[in-house]
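Residue-level structure breakdown
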Amino acid sequence: MSNSFIKLLVSQLVANLADIFFRVTIIANIYIISKSVIATSLVPILIGISSFVASILVPLVTKRLALNKVLSLSQFGKTILLLILVGMFIVMKSVPPLVMYLFVVVISILDGFAAPVSYAIVPRYATDLGKANSALSMSGEATQLVGWGLGGLLFATIGLLSTTLIILLLYIISSFMMLFLPDAVVEVAMPWHLFRNENMIRGVSYMQISKNWFIRFEPNFQTEQNTILFNKLNGELYEVTEVYYDFIDSLRSGTNFQTLLLRKYKTKKEDVFEIENTILKNLISLGVIINE
C-alpha cells in the first residue's frame, strides 16, 4: 500500500474513533442532565438526519474542491467546533441540551463527508482497490466495535471534560495527518463537443488508446505521478497513478511491464504478477481495454 493511502487510513481511523467517543459522551451527558430517554434518543436521530444531508451535499462540494481538501476542511471544522464546545464545558457549569444538539448536527454534517469522500479517494492513492477498500472498511468496523465500549469506559472513569479533551486531541491528530494527503481532483464530466472545444482552448491534448478511451494530457495538472483517462462516450474523467500509464504504454509498445516494475518501481519479484494482474482487472472493469 502507498504512503498516501496509509496516511488516509490512519487519519480516518483516528477521526472515526474520536467521532464515536463524541457520540457516547454527548448521549451520556444529555441523559445525566435531562434524565429523559426521549431527549437522549434524539442524538442518534439527529446524527442520521445530518449524515443524510451531508450525502446530498457531497457531490456539490467535490465539484469545486479536491477530495483531500474536502476531508481536511471537514475535519478542521469539526476540530474548531469541538474546541468551542470544550470552552463552553469549562466556562459554563452545564451546557443546555439544545446547544449540544446544535453541535451534534453541525459536526455530524461535516462528519458525513468523510465516508463517501474516503472511498472516492481510494483509487487515487492505491492500485489494489480490493485490498484498499477492504482495509478501509475493516478499520471502520473495528473502530465501531471498540469505540462504543471504550468511549463509555472513558466517560465513566474520567468524566465529561477529560473525555472531551481526549476527543479534541484525536481530532487535532487526524486534522494534522490530513494536511499531508496529496491532491486528488475530481473533474466534471463533459460532452464530446465540449471535449473538442476544451482541447483547443486550454491546450489540452489526448492520446487515443482504444475506440472510446483516451489519455488526457493537461499542462497545468499533469505530473509524473498521475494520469487522466477520458471516456469519449460518457465524458467521465478518471485519475490513475503513474503505474497505470506505464502498463498501457507497455501494451502499445510491446515492452515487458514486469521488467519495468522491477527496475522502475523496485517491486519485489513475488509481487510483480499480482500487481500486473490487478491493474489489468481494473482497466478491464472500466472498459479501457478489452479482455480478449
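Residues numbered from 1 in each chain as written. Predicted model: local features only at pLDDT ≥ 70, side-chain atom pairs only at ≥ 80, totals over all residues. Heavy atoms only, no water.

Description of the side chain of Thr164
We apply this condition: The helix and strand labels rest on DSSP assignments: H or I over at least four residues marks a helix, E over at least two residues marks a strand, and numbering proceeds from the N terminus. Whenever a nitrogen or oxygen atom comes within 3.5 Å of another N or O atom, the pair is scored as a polar contact, on the condition that within protein one atom can donate a hydrogen and the other can accept it, and that pairs from neighbouring residues in sequence are kept only if both atoms are in side chains. Contacts were defined at the residue level, with two residues in contact if any of their heavy atoms lie within 4.5 Å.
Tracing the backbone shows Thr164 in helix 7 (residues 160–178). Polar side-chain contacts of Thr164 include one of 2.7 Å to the backbone oxygen of Leu160. In this structure Thr164 touches Thr25, Leu82, Val86 and Phe89, once residues within four positions along its chain are discounted.

What about unusual backbone geometry?
Cut-off, in case you're wondering: The cut-offs for exposure are 20% and 50% of the maximum accessible area for each residue type, with area from a 1.4 Å probe on protein chains only; residues under the lower value are buried, those over the upper are exposed, and the others partly exposed.
Phi is positive for Lys35, which is not a glycine, with a value near 60°. Of the residues examined, Lys35 reaches a relative accessible area of 62% and is grouped as exposed.

Observations concerning the confidence of the model for the protein chain
So the rule is basically this: Predictor confidence is given residue by residue as pLDDT, running from a minimum of 0 to a maximum of 100.
Residues with a pLDDT of 70 or more make up 83% of the protein chain, whose mean pLDDT is 81. Per-residue pLDDT stays below 50 along residues 186–202; that stretch engages in 32 contacts with residues further than four places along the chain or on separate chains.

Here we look at the packing of aromatic side chains
Centre-to-centre distance and the angle between the planes together describe a pair of aromatic rings. Here is the rule: Between rings of Phe, Tyr and Trp, where Trp is taken as its six-membered ring, a pair exists when centres lie within 6.5 Å; planes separated by under 30 degrees are stacked, by over 60 edge-to-face, and by other angles tilted.
This model, assessed by the stated rule, comprises 2 aromatic pairs. Their ring planes at 75° and their centres at 5.1 Å tell us that Phe176 and Phe180 sit as a pair that is edge-to-face. The partly exposed category is assigned to Phe180, whose relative accessible area is 47%. Geometrically, the ring pair formed by Phe247 and Phe257 is edge-to-face, given 5.0 Å between the ring centres and 90° between the ring planes. You can see Phe247 sitting in helix 9 (residues 242–253) and its partner Phe257 sitting in helix 10 (residues 257–264), a full 10 residues away along the chain. Phe257 matches Phe247 in its accessibility class, with the two residues each being buried.

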